[in-house]
Structures are given as structure tokens and as C-alpha cells.
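Summary of the model geometry
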Amino acid sequence: MIRKAVFPAAGFGTRFLPATKASPKEMLPLVDMPLIQHGVEEAKAAGIRDMIIVTGRGKNAIEDHFDVSFELEALLEKKGNGDLLQQVRSVTDGADFFYVRQNLPLGLGHAVLRSVEIVGEEPFAVVLSDDVIDAPVPVLKQMIAASERHSAGVVLAIQKVPKDAVSKYGIIKGKKIGDRAYEVSDMVEKPRPEKAPSDLAIIGRYILPPSVFPALLATRPGAGGEIQLTDAIRSLIGKERVIGYEFEGVRYDAGTKLGFQMANIAFALKDPEIGPGLQAFLRKERFV
Ligand code: G1P
């Protein structure tokens, strides 16, 4: 049973400057919902209740977003705007939010380690909200089912990527053991293409056991001089069963400008309110 999810959100968002100079990149909207809320909604849909957000300086908007806005609710109620009121309330409904700060930019592994006191001795999920996944069944739910099916302590979301893109990801070495599952025997963070053990990249969803915390404590800086989550998980291989799971769904790398725009267009086209209008505009102006 997974009850907690950790959301690393302390990064500077330099790729989106100047937009992220004073506002967190996690609050950039896909149509009308901030990136990080997409991740939170996915976690909720997988039965997770406790959302642990690892923040840093300049991220206050995230805390305000996941809090009750009394004045706004009172105003919407007074205006009789039930639909919007319902949407605003649903941001905080069904989840509890916890915050811990990562006050040094020492990497993803370090960010996850900051959550140790709140997670405690139980398995948990990690969600990188840059990776937006539009899936028929929420990816975390698919992964929890895979962890049960394969009795795996670690489940990594994976996806095939072009050979020349492997150096942007953690890459697994694995043997296919089922429809979508790979038994992971090795993994490496951001390898050069000629050194990569496969083209199966880790995407930002993880199911992890609490034993990852001592592993993270023992992990020295790796790729980019940062404490890498990939290296800590690698040290668990042999002690925990580690599975790579090729999830069903479309993934957008919303941490890049191109991926972010693709996600926005895809979500906007699917939106019943603005989709038809956007479609008509793209056709009229011969963008498609
Ligand atoms: C992180 C992980 C990497 C993973 C990627 C997925 O890298 O370190 O293993 O493949 O997320 O998005 P980052 O994108 O933070 O450099």
C-alpha cells in the first residue's frame, strides 16, 4: 500500500527564464492546471493521500496553491459560481500536503533524501512533475499494480528513447520478464550514447522502498557532481527486486520549452471548452 508521494520541486527552472525568474516552474499551467497539480492529481488517482513537496526559495506559490483560499471561495460562493468553486476546492480535497526544504542544489537524490523524516519506514512514490503523462490508467496506479504483480520493492517508469537522447536520462540494463516489465540488473545516470546499456530511459515516476534512504546517505556525487537517485537505486539491486515498467500513456517532457508547448497543445485540443476553437484556428491559419 503506497500512501505517500514525494515531489522534488526545488529546481531553478532555468530553461524557462525569464518566466521562472519570480515564479516556480512547477506552477506553469497546462491549459488551466499547474504542472505540479497534474502530478498530485495522478497520485490521488492512485490512492495516495500524503503529498510531500520538496521546495526551496521562491516556491511559496506552490504552498499557497495547495491551501484553502478562503477569500476566493467566499467570493465564488457569493457570485453563485458553483463550477469554479468546485474546481478550486478540488485542488486541496482528498490530500494532505507536507513541505520540506532542499536548501542546497545537490541533486535529485539529495532532494528525495530530504523527505526521509516525513516518509519514515514505508514504501513511497516519487513524482517528477516535469514529466507529464497522459494515460488511460494513471501511471502511478499502473506501477503500484506492477510492484504487486512482480513483488518488486522498486518500480521505475521506463520508456524507449532515441539513441542520441540517452545522455539526458537514467538508462537501465534489463531483461524483459513480462508484457511491459524488465528485471533491472544495472542502471547508469546520463551515459554517453556509446556507453549506454540500452535505450530504455527512466521517466519521472518511481515506487521506492524505505531502504533507499540509507542508500542515498551513502551515495557520493555522480553525474554532474550531484547526488543521483539513479546511483542510490543501483546500489539496491540484489537487495531489492528492481523492475522497469514500460507504462502505457503519452509522456511529455514539460521541463523543456518544446515538450511543454506540445503538452499544452495536446491538452488544449482535448479540452471540451477550448479544443474545437483551437482546432478551427490551427486549420484556418494553416498551421495544420
Ligand atoms: C532525472 C533523473 C533521470 C531521469 C529523468 C527523467 O533527471 O535523474 O534518471 O531519467 O529525471 O525525467 P533530470 O531530468 O532531473 O536531469
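About the criteria used
The residue numbering used here restarts from 1 in each chain and proceeds along that chain's sequence as written. Restriction of local features to residues with pLDDT of at least 70 applies here, the model being predicted, together with a cutoff of 80 or more for giving and counting side-chain atom pairs; totals for whole chains, interfaces and linings are based on all residues. The basis for every side-chain value is the complete set of non-hydrogen atoms in the structure, without hydrogens or water. Strands are runs of DSSP state E lasting at least 2 residues, helices are runs of H or I lasting at least 4, and numbering of each runs from the N terminus. Partly exposed residues are those whose accessible area sits between 20% and 50% of the maximum for their type, while under 20% is buried and over 50% is exposed, using a 1.4 Å probe and protein chains only. Contact criterion: two residues are considered in contact whenever any of their non-hydrogen atoms come within 4.5 Å of each other. The accessible surface values rely on the Shrake-Rupley method and a 1.4 Å probe; as for residues, cover is taken only from the protein chains in view. What counts as a ring pair is set by centres within 6.5 Å for rings of Phe, Tyr and Trp (its six-membered ring), and what kind of pair is set by the plane angle: stacked under 30 degrees, edge-to-face over 60, tilted for all other angles. Whether a residue is near a molecule or strand depends on its heavy atoms: it is near if one of them lies within 4 Å of it. Two N or O atoms count as a polar contact when they lie within 3.5 Å, although within protein this holds only if one can serve as hydrogen donor and the other as acceptor, and sequence-adjacent residues are included solely when both atoms are side-chain atoms. Only Asp, Glu, Lys and Arg are considered charged, only Ala, Val, Leu, Ile, Met, Phe, Trp, Tyr, Cys and Pro nonpolar, and every remaining residue, Gly among them, polar. Definitions used for this entry: grid spacing 1 Å over protein atoms alone; cavity, a set of points where a 1.4 Å probe fits but cannot get out; pocket, an open set with protein on both sides within 12 Å along at least 5 of 7 lines; lining residue, one with an atom within 4 Å of a point. Grid points are joined across faces, edges and corners, and a volume is the space filled by probe spheres set on the points. Within this analysis, patches are made of residues with over 30% relative accessible area and no salt bridge. Like charges are joined at 9 Å or less; nonpolar side chains (Val, Leu, Ile, Met, Phe, Trp, Tyr) at 5 Å or less. For this analysis, a salt bridge means a side-chain nitrogen from Lys or Arg found within 4 Å of a carboxyl oxygen belonging to Asp or Glu. As a rule, the C-alpha atoms of each element are fitted with a line to give its axis, helices using only the stretch in contact, and angles between N-to-C directions run from 0 to 180 degrees. Convention used here: angles under 35 degrees read as roughly parallel, angles over 145 as roughly antiparallel, angles from 65 to 115 as roughly perpendicular, and any remaining angle as oblique. Less than a right angle of anticlockwise turn of the near helix away from the far helix marks a crossing as left-handed, whereas a clockwise turn marks it as right-handed. Remark: nonpolar core denotes a set of buried residues (Ala, Val, Leu, Ile, Met, Phe, Trp, Tyr, Cys) joined through side-chain atoms within 4.5 Å.

A few points about the overall build of the protein chain
- A count of helices and strands for the protein chain gives 11 helices and 13 strands.
- Taking the principal axes of the C-alpha coordinates as reference, the protein chain spans close to 60 × 50 × 40 Å.
- Here the protein chain holds 288 residues, and the buried ones make up 48% of them.
- Partitioning the intrachain contacts of the protein chain with sequence separation of at least 6 by distance along the chain shows that 76% fall at a separation of at least 24.
- Summing over all exposed atoms, the protein chain offers an accessible surface of approximately 14,700 Å²; the carbon and sulfur share of this is 54%.

Description of the packing of aromatic side chains
- Counted by the stated rule, this structure contains 5 aromatic pairs.
- With a centroid separation of 5.7 Å and 45° between ring planes, the pair formed by Phe281 and Phe287 is classed as tilted.

Observations regarding the environment of Val188
- Within the secondary structure layout, Val188 lies in strand E10 (residues 181-189).
- It is 9.9 Å that separates the C-alpha atoms of Val188 and Gly222, two residues lying 34 residues apart in sequence.
- If we ignore the near neighbours within four places in the chain, the residues touching Val188 are Tyr169, Gly170, Ile171, Pro197 and Thr230.

Brief notes about the site of the ligand
- If you check the shell around the ligand, you find Leu108, Leu128, Asp131, Tyr169, Gly170, Glu189, Lys190, Ile202, Gly204, Tyr206, Gln228 and Thr230 and nothing else.
- A distance of 2.7 Å separates an oxygen atom of the ligand from a polar atom in the side chain of Glu189.
- Between the ligand and Thr230 there is a distance of 3.3 Å, counted from an oxygen atom to a side-chain nitrogen or oxygen.
- Compared with its free state, where it exposes 380 Å², the ligand has 75% of that area covered by protein.
- The element contributing the most residues to the shell around the ligand is strand E11 (residues 200-208), with 3 residues.
- Here the shell around the ligand is composed, by residue class, of 5 nonpolar, 4 polar and 3 charged.

Focus: the side chain of Lys44
- By the element assignment, Lys44 lies in helix H1 (residues 35-45).
- Of note is the side chain of Lys44, whose polar atom sits 3.3 Å from the side chain of Glu41.
- Polar contacts involving the side chain of Lys44 include one to the main-chain carbonyl oxygen of Asp93, which spans 2.9 Å.
- For Lys44, the contacting residues outside a window of four places in its chain are Met51, Ser90, Val91, Asp93, Gly94 and Ala95.

Some points on the layout of surface pockets
- In this structure, the second largest pocket encloses a volume near 310 Å³.
- Every residue lining the second largest pocket is counted, 19 residues in all, and those nearest its centre are Gln37, His65, Gln87, Val88 and Val91.
- Where the lining of the second largest pocket is concerned, the elements lending two or more residues are strand E3 (33-34), H1, helix H2 (60-65), helix H3 (70-78) and helix H4 (82-92).
- Here the element with the most residues in the lining of the second largest pocket is H4; it accounts for 7 residues.
- For the lining of the second largest pocket, the per-class residue count stands at 7 nonpolar, 6 polar and 6 charged.

Quick notes on a nonpolar patch on the surface
- Judged by side-chain polarity, Phe281, Phe287 and Val288 come together as a nonpolar surface patch covering roughly 350 Å² of accessible area.
- Following the sequence through the fold, Phe287 ends up in the segment after helix H11 (275-284).
- Overall, the relative accessible area of 56% leaves Phe287 in the exposed class.

Some remarks on the packing of H3 against H4
- Relative orientation of the contacting elements H3 and H4 amounts to 160°, with a least axis distance of 9 Å. When the interaxial angle is binned, H3 and H4 end up roughly antiparallel. Here the hand of the crossing between H3 and H4 comes out left-handed. Here Leu72, Glu73, Leu76 and Glu77 of H3 come into contact with H4, specifically with Leu84, Leu85, Val88 and Arg89.
- Considered class by class, the residues forming the contact of H3 with H4 number 5 nonpolar, no polar and 3 charged.

Topic: the nonpolar core
- Counting 40 residues, the largest nonpolar core has Phe7, Met51 and Leu140 as its most contacted members.
- Put simply, the parts of the chain that give this core at least two residues each are strand E1 (4-8), H1, strand E4 (50-55), strand E6 (124-127), helix H7 (139-149), strand E8 (154-160), E11 and strand E12 (242-246).
- Counting residues per element, this core draws most heavily on H7, which supplies 5 residues.
- Core analysis: the next-biggest nonpolar cluster, separate from the first, contains 31 residues, Phe124, Ile172, Tyr182 and Val184 among them.

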